[in-house]
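# Commentary on secondary and tertiary structure
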Amino acid sequence: MKILSIETSCDETGICILTSHTPDSVEISGNALASQIDLHAQYGGVFPAMAKREHTEKILPLTIEALSQANLLVQEKSELSEIQKQHIRDICTRDTVLADYLIDFFSSYKKPDIDYIACTVGPGLEPALWVGVNTAKSFATIWNIPLIPINHMEGHIVTAVIQKTTGENFIFTNLALPALALLVSGGHTELVLVENIGHYTKIGQTRDDAVGEAFDKIARMLGLAYPGGPKVSKLAKEFRASGTTQPFILPRPMMHTQDYDFSFSGIKTAMLYTIRDLTEQNTRELTDEEKSALACAFEDAAIEVLIKKTMRAVAEHHIQTLIIGGGVAGNTYLKEQLTLATNKAGITLLTPEQWLATDNAVMIGLAATLQVLSGNIHTPELSTIRADGNMTL
Ligand code: KG4
Ligand code: ZN
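Computed from a predicted model, the values in this text were never measured in an experiment. Here, residues in each chain are numbered from 1, in the same order as that chain's written sequence. Written order decides the labels, with chains lettered from A and ligands numbered from 1. Note on the predicted model: pLDDT of at least 70 is required for a residue's local features to be given, and 80 or more for side-chain atom pairs to be given and counted; whole-chain, interface and lining totals, by contrast, use all residues. Only heavy atoms go into the side-chain values, all of them from the structure, while hydrogens and water stay out.

## Regarding the layout of surface pockets
In this structure, the largest pocket occupies an estimated 1,200 Å³ of space. Grid spacing is 1 Å over the protein atoms alone, the probe is 1.4 Å, and a cavity is where that probe fits but cannot get out, while a pocket is an open set with protein on both sides within 12 Å along at least five of seven lines and lining residues have an atom within 4 Å of a point. Lining the largest pocket we find 45 residues, and of these Ser185, Gly186, Gly212, Asp216 and Pro227 sit closest to its centre. Note on conventions: DSSP H or I runs of at least 4 residues are helices, E runs of at least 2 residues are strands, and numbering of each starts at the N terminus. Going through the elements one at a time, α6 (152–158), α7 (211–221), α8 (229–242), α11 (332–345) and α12 (354–357) are the ones with two or more residues in the lining of the largest pocket. Among the elements that take part in the lining of the largest pocket, α8 stands out by supplying seven residues, more than any other. Three residue categories are used. Nonpolar comprises Ala, Val, Leu, Ile, Met, Phe, Trp, Tyr, Cys and Pro, charged comprises Asp, Glu, Lys and Arg, and polar comprises the others, including Gly. Of the residues belonging to the lining of the largest pocket, the class tally is 14 nonpolar, 19 polar and twelve charged. As for the second largest pocket, its lining consists of 23 residues, and the residues nearest its centre are Pro149, Asn151, Glu154, Gln371 and His378. Mapped by element, the contributors of at least two residues to the lining of the second largest pocket are β5 (147–151) and α13 (362–374). Here the element with the most residues in the lining of the second largest pocket is α13; it accounts for four residues. A class-by-class count of the residues in the lining of the second largest pocket yields twelve nonpolar, eight polar and three charged. Grid points are joined across faces, edges and corners, and a volume is the space filled by probe spheres set on the points.

Spelled out as structure tokens, the structure:
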């Protein structure tokens, strides 16, 4: 079975081809990813209109690259019928540029040997999501292949349940259930109960900023470029290694509340005041030592709150496996602290490989593969498939 998957929810355009030879394994036969990070870095965040334009420019060249890697690309000049062209224009109502690119693409390449298309339908930036959704619907229509809509957050969960064997081959981990997923990215901070793959209940989330967003905002205050998460984390690590006593303590909002929700905007505000007092109303620059200490104070506070709430949910829901996913799941300090906490609790911790933690199309293909393999496949009528920026699990 071969699945072509598409991811365009934020600032990464991804196309992947997954092949399953057996029910417990999967091979990455093609994988092409283009990041817009450099483009958005100059604005300090993701610009939706620009993200949409970039996805539109990249999505078909990346499709060609991924199909070619998987030996599924066959050039063949054949004009689409007027009816087919009209189908594509109807699908891409608000995007004539994408429609023209798609018509040109279908006129140049043969239908590939693919069984399913999968694409992210939400949550994310709607203008960005629509590029992937319209491309997926056009593929499904012209090639007559079923389309499986995928929730981006499910993609982040399933990246942790595969293990590499050889080369590009992975096996699915036997999950001890119930599991809990801590999903931490630039747009989300959520605790999700995993009764089984495909069966999720969100039990908590951030009430304001996502933890990755807080990392990015703190980075900006410290004069570090977007996306600042990894840079803040690097400074924090250097500070810890220096053995210096921490002069700054930031608050841990909502750490002891009896729910599973989070709040990160208070830490950010406290950081703003700390920096203002330290620099005498911003009349001088922060020193490098101060920046490292502040980065560490932030990381300590943010990670402590994440761990406390997560481990309380682990205890109260008798969790056997803890899964982390999303960009911040690449954070070394979070992984170290969670390893200690889960060892103490006697449960399994599953973390994604670093390159699978941030957005990519492999995770979307994996979620679709698991649906098909479990027999619980959801392929709604194409006209009902829409991008939904606020989609929840
Ligand atoms: O999942 P992702 O690629 O995109 C979203 O869906 O948001 O996550 C990106 C976020 C950014 O906020 C980035 O700063 C953060 O993940 N991030 C990190 C680390 N690596 C990425 N935050 C803290 N420590 C890291 N090592
Ligand atoms: Zn994500």
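Text resumes after the structure shown.
## Let's talk about the coordination of the zinc ion (ligand 2)
The zinc ion (ligand 2) binds to the protein through His152 (NE2), His156 (NE2) and Asp359 (OD), with metal-donor distances spanning 2.1 to 2.2 Å. Here the coordinating atoms are restricted to nitrogen, oxygen and sulfur within 2.8 Å of the metal centre, or 3.2 Å for Na, K and Ca, and because water is not among them the sites may look incomplete. Taken in chain order, the donor set of the zinc ion (ligand 2) reads H-x3-H-x202-D. Note that histidine 156 is positioned in helix α6 and aspartate 359 in the loop between α12 and α13, a separation of 203 residues in sequence. To sort residues, take the accessible area from a 1.4 Å probe on protein chains only and compare it with the maximum for the residue type: under 20% means buried, over 50% means exposed, and anything in between is partly exposed. The class of aspartate 359 is buried, set by a relative accessible area of 14%.

## Re the packing of α8 against helix α10 (residues 288–316)
Orientation is described by axes fitted as lines to C-alpha atoms, over the contacting stretch for helices, and by angles from 0 to 180 degrees between their N-to-C directions. With their axes 7 Å apart at the nearest point, α8 and α10 run at an angle of 105° to one another. On the basis of their axis angle, the class for α8 and α10 is roughly perpendicular. Residues Val232, Ser233, Leu235, Ala236, Phe239 and Arg240 of α8 touch α10, and the partners they reach there are Lys291, Ser292, Ala293, Ala295, Cys296, Phe298, Glu299 and Asp300. Under this scheme an angle from 65 to 115 degrees is roughly perpendicular, one under 35 degrees roughly parallel, and one over 145 degrees roughly antiparallel; angles in between are oblique. Whether two residues are in contact is decided by their heavy atoms: any pair within 4.5 Å suffices.

## With respect to α8
A helix is expected to span 1.5 Å multiplied by its residue count minus one. Taking 1.5 Å of rise per residue, the 14 residues of α8 would be expected to cover 20 Å, and the 20 Å separating its terminal C-alpha atoms lies within 8% of that figure. Among all positions in α8, only Gly229, Val232, Ser233, Leu235, Ala236 and Phe239 are buried. Angular distribution of buried residues about the axis of α8 spans 160°; they occupy a single face of the element. Residues of α8 that are exposed and point more than 90 degrees away from the buried face comprise Pro230, Lys234, Lys237 and Ala241. Summarising the contacts, the buried residues of α8 are in contact with α7 and α10. Phi turns positive, to about 75°, at glycine 243, one or two residues after α8. The arc in question is traced by the directions running from the helix axis to the C-beta atoms.

## Considerations on the side chain of histidine 55
Considering the arrangement of structural elements, one finds histidine 55 in helix α2 (residues 48–69). Two N or O atoms form a polar contact when they lie within 3.5 Å of each other; inside protein one atom must be a possible hydrogen donor and the other a possible acceptor, and for residues adjacent in sequence the pair counts only when both atoms belong to side chains. Among the polar contacts listed, one links the side chain of histidine 55 to the backbone oxygen of threonine 8, at a separation of 3.4 Å. Histidine 55 has contacts with Thr8, Cys10, Asp11, Glu12, Thr13, Gln36, Ala128 and Val131, leaving out every residue within four places of it along the chain.

## Overview of the pattern of salt bridges
In the sections that follow, a salt bridge refers to a side-chain nitrogen of Lys or Arg positioned within 4 Å of a carboxyl oxygen of Asp or Glu. Overall, the coordinates contain 17 salt bridges when judged by the stated rule. Of the charged contacts, one joins lysine 85 and glutamate 79 as a salt bridge, the two residues approaching to 2.7 Å between their closest N and O atoms. With a relative accessible area of 61%, glutamate 79 lands in the exposed category. One salt bridge connects glutamate 316 with arginine 312, and the closest N-O pair in it is separated by 3.1 Å. One end of the pair is glutamate 316 and the other is arginine 312, both in helix α10 and four residues apart, which spans about a single turn.

## What to know about the site of ligand 1
Note on terminology: near, applied to a residue and a molecule or strand, indicates that one of the residue's heavy atoms is within 4 Å of it. The immediate surroundings of ligand 1 are formed by 18 residues, with Gly186, Asp216, Gly229, Gly327 and Asn331 found nearest. Asparagine 331 places a polar side-chain atom, nitrogen or oxygen, 2.9 Å from a nitrogen atom of ligand 1. Only the protein chains shown count as covering a residue, and every accessible area follows the Shrake-Rupley method with a 1.4 Å probe. With the chains in place, 89% of the 550 Å² that ligand 1 exposes on its own is no longer accessible. To decide whether a molecule occupies a pocket or cavity, check its atoms: if more than half lie within 2 Å of the grid points, it is inside. Spatially, ligand 1 is embedded in the largest pocket. Sorting the residues of the shell around ligand 1 by element identifies α6, α7 and α8 as the ones contributing at least two each. Here the shell around ligand 1 gets three residues from one element, more than from any other, and that element is α7.

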